[in-house]
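# Residue-level structure breakdown
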Amino acid sequence: MPGWIVPPPKKPIKSNEEFKREREAKVGELRSQGFLKSERIRKAMLKVPREVFIPSGYRDYAYHEVPLPLPGEGSTISCPHSYPLFYEPLGLDKDHKFLEVGLGSGYGSAIAKEVVGSEGLVVSIDIDPVTFEFAKMNLENAGYNDIVLVRSDGGLGYPELAPYDRISITAACPDIPPPLIDQLKTGGKLIAPVIREKFQELVLLEKSEERLDRMVICKVLYVNLRGIFGL
Ligand SMILES: C[S@@+](CC[C@H](N)C(=O)[O-])C[C@H]1O[C@@H](n2cnc3c(N)ncnc32)[C@H](O)[C@@H]1O
């Protein structure tokens, strides 16, 4: 993971109580830093045990502000602030139909499921077969049985359940894959890291009848999108 200093793997020793304290502290920190604003996203981050989504060698670092390696080719669980960084501008909310491209550990889809609630829908795609099986196991262990998991090239989206209210791409793409724009509802929003020369920008798209509005939020650093719209 270029650009990040990942701590060395070690035997996990932290208790559930310690993780709970760290989770509460992290949520408080993200709120005071201005990343977390909405009550639903805050409650989701307090509820989902991030440590369950992390390989045992890195589990004790669950609440460190660093992406951690996952089984599979270059996959990572993004750092904790990434989730409100994406979901707040996206305006992810109750009852939304949400598509995530880049399932990774499954943590982001669990948070999204808590936010959209029982009437909403989360669909998440990963291209990597090893990462996909890891996420599936994590979500089962954490009790999330109602997220639609798809192993395929997420650049193509998942037309079977389109259109979506919100779409999040969690890997850096040279440009937003056109099928994902097609699968976004009118009035919907999409967020993605987009490669621009040597940097990546977090881009928010808003689709209306007439046009696509594009806003750059900040610079970011994500693993590259694979597949036909990737690198
Ligand atoms: C930063 S990680 C995702 C983190 C994840 N959201 C989480 O909460 O753990 C990016 C993921 O995108 C996946 N990926 C890369 N290219 C993809 C593609 N074309 N379609 C679907 N997934 C892709 C990688 O396998 C990796 O798991």
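Residues numbered from 1 in each chain as written. Predicted model: local features only at pLDDT ≥ 70, side-chain atom pairs only at ≥ 80, totals over all residues.

Of regular secondary structure, the protein possesses six helices and nine strands. In terms of overall dimensions, the protein is globule-like: its C-alpha atoms have a radius of gyration of 16 Å, near the 17 Å expected for 231 residues. Dimensions of the protein, computed from the C-alpha atoms along their principal axes, are close to 55 × 35 × 35 Å. Taking contacts inside the protein between residues at least 6 apart in sequence as the whole, the part at least 24 apart equals 58%. (Helix = DSSP H or I, 4+ residues; strand = E, 2+ residues; numbered from the N terminus. Rg over C-alpha atoms; globule rule 2.2 N^0.38 Å. Contact = placed C-beta atoms within 7 Å.)

Another aspect to go through is the packing of helix α1 (residues 16-32) against helix α2 (residues 39-47). Interaxial distance between α1 and α2 falls to 9 Å at its minimum, and their mutual angle equals 155 degrees. Considering the angle they form, α1 stands roughly antiparallel to α2. Relative to α2, α1 is oriented so that their crossing is right-handed. Only R42, M45 and L46 of α2 make contact with α1, whose side of the interface consists of R23, E24, V27 and R31. (Axes fitted to C-alpha atoms, helices over the stretch in contact; angles between N-to-C directions. Parallel < 35°, antiparallel > 145°, perpendicular 65-115°, else oblique. Left-handed = near helix turned anticlockwise from the far one by under 90°.)

This brings us to the sheet that holds strand β3 (residues 97-101). With respect to topology, seven strands assemble into an open sheet ordered β5-β4-β3-β6-β7-β8-β9, the strand pairing being mixed. Where the open sheet ends on each side, the last strands, each with one partner, are β5 (148-151) and β9 (212-220). When strand polarity is set aside, the average angle formed by the axes of neighbouring strands in this sheet is 15 degrees. (Pairing = 2+ DSSP bridges.)

Let us look at the pairing of strand β6 (residues 164-169). Burial runs high along β6: six of the six residues are buried. With four bridges connecting them, β3 and β6 associate as parallel partners. Within β6, the residue paired with L99 across the bridge is I167. As paired strands, β6 and strand β7 (residues 184-196) are joined by four bridges and run parallel to one another. Note on β7: the bridge partner recorded for S168 is I191. (Buried ≥ 20, exposed ≤ 12 C-beta atoms within 10 Å, placed from the backbone.)

The subject of this paragraph is the site of the ligand. Neighbouring the ligand are 27 residues, the closest being G102, G104, G108, G154 and G227. Of all the secondary-structure elements, those providing two or more residues to the shell around the ligand are β2 (76-77), α4 (107-116) and β4 (121-126). Taken together, the residues that form the shell around the ligand break down as nine nonpolar, 14 polar and four charged. (Near = placed C-beta within 6 Å. Nonpolar A, V, L, I, M, F, W, Y, C, P; charged D, E, K, R; others polar.)

This part is about the nonpolar core. Formed by 59 residues in total, the largest nonpolar core has its most connected members in M45, F98, I111, V115, C173 and A192. Looking at this core, the element that brings in the most residues is α4, giving six residues. Among all residues touching F98, those that are not within four sequence positions of it are L92, A112, V116, G120, L121, V122, Y164, D165 and R166. (Core = buried A, V, L, I, M, F, W, Y, C linked by C-beta atoms within 7 Å.)

Attention now moves to unusual backbone geometry. In this chain, A162 is followed by P163 through a cis amide linkage whose omega measures 5 degrees. On the secondary structure map, P163 appears in the loop between β5 and β6. Positive phi, normally seen in glycine, also occurs at D95, with a value near 75 degrees. We note that E197 has phi near 50 degrees; this positive angle belongs to a residue other than glycine. Counting through the fold element by element, E197 comes out in the loop between β7 and β8 (199-207). On the basis of neighbour count, E197 is assigned to the exposed category, with 5 C-beta atoms found within 10 Å.

What follows covers the packing of α2 against α4. In the contact formed by α2 and α4, the axes pass within 9 Å of each other and the chain directions differ by 130 degrees. Classed by the angle they form, the pair α2 and α4 counts as oblique. By crossing handedness, the relation of α2 to α4 is classed as right-handed. Here R40, I41, A44, M45 and K47 of α2 come into contact with α4, specifically with I111, E114 and V115. Among the residues forming the contact of α2 with α4, the class breakdown is five nonpolar, no polar and three charged.

The subject of this paragraph is helix α5 (residues 129-141). Compared with an ideal rise of 1.5 Å per residue, which puts 13 residues at 18 Å, α5 spans 19 Å between its outermost C-alpha atoms and is within 8% of the ideal. Looking only at α5, the buried set comprises T131, F132, F134, A135, N138 and L139. Axial view of α5: buried residues confined to an arc of 165 degrees, hence all on one face. Summarising the geometry of α5, the exposed residues directed more than 90 degrees from the buried face are P129, E140 and N141. Those residues of α5 hidden inside the fold are in contact with α4, β4 and β5. (Expected span 1.5 Å × (residues − 1). Arc of directions from axis to C-beta.)

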